[in-house]
Amino acid sequence: MSPPIDFEIRRRTFLAGTAAGALAAGVTTQAQAQAQTAKSPAGPDATTVRLTVNGTAQEVTVDNRTTLLDVLREDLKLNGTKKGCDHGQCGACTCTVNGSRVNSCLSLAVMHEGDEVETIEGIGTPEAMDPMQTAFVKFDGFQCGYCTPGQIQSARAVIEEIRAGIPSHVTGDLNSEIQITDEEIRERMSGNICRCGAYANILAAITEVAEQGTAGEDT
């Protein structure tokens, strides 16, 4: 009759052997990775980007991790575009790229080689305001004003999106002309947060501009 198996000893031996094998594999993998890195050095840390901002050609050399928002604010000194949540949730950083609105805090500057960017500074001035800016003043569409640049950028884009026939989540009939309704505006503006709570006045401002048919037009 065979002697009983000493399970505890064999179990310990197994675990020790497994740990040793894993350690050896890890060391080998790390060595291989280091060797590969030595053979294939990383690319440049910075890139020169050429883009047009508010009609002016710009050239900036930036760290590849730099966002479009930080280039606008830190390099080009266009501080109208605001940094709020820095996670693409509040909409304060909204600007337009090639005519489409984007959250500039989520977009790397190196992605915009040759693009046309428009910020709130390119829309109008205190002496010659864009119709949407005028409407925001008329209807008190802001209180602290921090989110207002992003609100205005989105508001102008909302009207253009509806006119272009781009549906939203609340669009009922995809085969007919989209109407500029309160529901459509609210849905499309939902990515822009106003902590002061001026939503009703913002809605009124957008509605008036939409009815006048002047969104995006020069005063």
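Residues numbered from 1 in each chain as written. Predicted model: local features only at pLDDT ≥ 70, side-chain atom pairs only at ≥ 80, totals over all residues. Heavy atoms only, no water.

Caption draft 1: View of helix H6 (residues 199–212). Helix length check: H6 (14 residues) gives 20 Å between terminal C-alpha atoms against 20 Å at 1.5 Å per residue, within 8%. Turning to H6, its buried residues number three or more, namely Ile202, Leu203, Ala205, Ile206, Glu208, Val209 and Ala210. Among the structural elements, helix H3 (131–138), helix H4 (148–163) and helix H5 (182–188) are those in contact with the buried residues of H6. Note on H6: the residue one or two positions beyond its end, Gly213, has a positive phi of about 70 degrees. (Helix = DSSP H or I, 4+ residues; strand = E, 2+ residues; numbered from the N terminus. Expected span 1.5 Å × (residues − 1). Buried < 20%, exposed > 50% of the residue type's maximum accessible area, 1.4 Å probe, protein only. Contact = heavy atoms within 4.5 Å.)

Caption draft 2: Region of the structure containing the packing of H3 against H4. Packing of H3 against H4 brings their axes to within 10 Å, and their N-to-C directions diverge by 120 degrees. The orientation of H3 relative to H4 falls into the category oblique. Here the hand of the crossing between H3 and H4 comes out right-handed. From H3, Met132, Gln133 and Phe136 reach across to H4, where they touch Thr148, Gln151, Ile152, Ala155, Arg156 and Ile159. Of the residues that constitute the contact of H3 with H4, the class distribution is 5 nonpolar, 3 polar and 1 charged. (Axes fitted to C-alpha atoms, helices over the stretch in contact; angles between N-to-C directions. Parallel < 35°, antiparallel > 145°, perpendicular 65-115°, else oblique. Left-handed = near helix turned anticlockwise from the far one by under 90°. Nonpolar A, V, L, I, M, F, W, Y, C, P; charged D, E, K, R; others polar.)

Caption draft 3: The arrangement of the pairing of strand E1 (residues 46–53) in detail. In this sheet, strand E2 (residues 56–63) lies alongside E1 in antiparallel orientation, the contact comprising 8 bridges. In the sheet register, Thr52 faces E2, and the bridge partner there is Ala57. Between E1 and E2, which pair antiparallel and follow one another directly, the connecting turn spans 2 residues, one of which, Asn54, has a positive phi of 55 degrees. For E1 and strand E5 (residues 116–118), the ladder comprises 2 bridges, and the chain directions are parallel. Within E5, the position partnered with Val53 by the bridge is Val117. (Pairing = 2+ DSSP bridges.)

Caption draft 4: Quick peek at the side chain of His112. Within the secondary structure, His112 sits in the loop between strand E4 (100–103) and E5. Taking the relative accessible area as the measure of exposure, His112 reaches 6% and is therefore buried.

Caption draft 5: Representation of the sheet that holds E5 in the model. With mixed pairing, the 5 strands of this open sheet are ordered in space as E2-E1-E5-E3-E4. Strands with a single pairing partner mark the edges of an open sheet, and in this sheet they are E2 and E4. In this sheet, adjacent strand axes meet at a mean angle of 40 degrees when their direction is disregarded. In the packing of helix H2 (residues 68–75) onto the sheet, contacts are made with E1, E2, strand E3 (94–97) and E5, and the angle to E2 comes to roughly 110 degrees. Lying on the sheet, H4 is in contact with E3, E4 and E5; it crosses E3 at an angle near 45 degrees.

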